[in-house]
Structure formats: structure tokens, C-alpha cells
Amino acid sequence: DVDKDGAISLEEFRAVVQHPKALTYFSALDLCIPEACELFEMLDDGDGSISYDEFCTGVLRLKGQARTLDVVSIMRDNRLIMRMCAEMAEEVKGIRLRLSMGGTVIL
């Protein structure tokens, strides 16, 4: 976390994964560097960075039976879809309110 903002950007992460200790750590998890970068992108919620806790949680999820990156990818996609559904529900709620008050809706 070079800029001390509590999160790691992809650029910061790419620099770290070149360090011998990081390479050893990822090797112990049977992750190659491209997979580790893919994991980072899957854990990112769209702001271009992840917290230390988010990363550790994501890496730990790769251990055991749910070890494939596909599972982590599905979880990320699910979070994004759920957020989009919540936003759409709020928009529909506003439209219904305007219509119930005799207003019009411009799409």
C-alpha cells in the first residue's frame, strides 16, 4: 500500500507479486502470477483497488474444495448483479411513486 490509503491498486499489486516472498506465497497456493492478477481483478469491486482484508479473504477462499477461480469469479459477478438489481429496484420504486401521484415518467 504505497500511498497508505488502506487499499492496494492493481499497479501496486503487480509490483508486489514480483517480490520473491510473494512468488513463494503464491506458489504455495498453487497460483501463478497471471492467476493472482486475475484474482485481484475478481475481488475488485470496480474502484480499481482492494483492501488487505478483501484480498486475504479471497485468497483463503481458493483453498479447499472451492479452490477454482471460477467460483471466485461467480461470487464477484453475483455481487455486481445484486448491486445492479438493488439500483433498479430503487429506480422502479421512484417510478411507481411518481405514477401513483398522477405524474408522468420520462424514460
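Residues numbered from 1 in each chain as written. Predicted model: local features only at pLDDT ≥ 70, side-chain atom pairs only at ≥ 80, totals over all residues. Heavy atoms only, no water.

A. Structural detail: the overall build of the protein chain. Within the protein chain, the secondary structure is distributed over five helices and two strands. The order of α-helices and β-strands along the protein chain, N terminus first, is β-α-α-α-β-α-α. Across the 107 residues that make up the protein chain, the buried fraction comes to 25%. Contacts in the protein chain between residues at least 24 apart in sequence constitute 52% of all its contacts with a sequence separation of at least 6. Entry remark: accessible area of the protein chain is about 7,700 Å², with carbon and sulfur atoms responsible for 60%. (Helix = DSSP H or I, 4+ residues; strand = E, 2+ residues; numbered from the N terminus. Buried < 20%, exposed > 50% of the residue type's maximum accessible area, 1.4 Å probe, protein only. Contact = heavy atoms within 4.5 Å. Areas by Shrake-Rupley, 256 points an atom, 1.4 Å probe, with all protein chains shown as cover.)

B. Layout of the side chain of Asp44. Examined against the element boundaries, Asp44 turns out to sit in the loop between helix 3 (33–43) and strand 2 (49–51). Within the buried set, Asp44 has no salt-bridge partner at all; the shortest N-O distance to an opposite charge, 5.7 Å, is to Arg76. Of the polar contacts made by the side chain of Asp44, one reaches the backbone nitrogen of Asp47; its length is 3.2 Å. If we skip the residues at most four places from it in the chain, Asp44 touches Ser49, Ile50 and Arg76. (Lys, Arg positive; Asp, Glu negative; His and termini not counted. Salt bridge = Lys/Arg side-chain N within 4 Å of Asp/Glu carboxyl O. Polar contact = N/O pair within 3.5 Å; in protein donor to acceptor, adjacent residues only side chain to side chain.)

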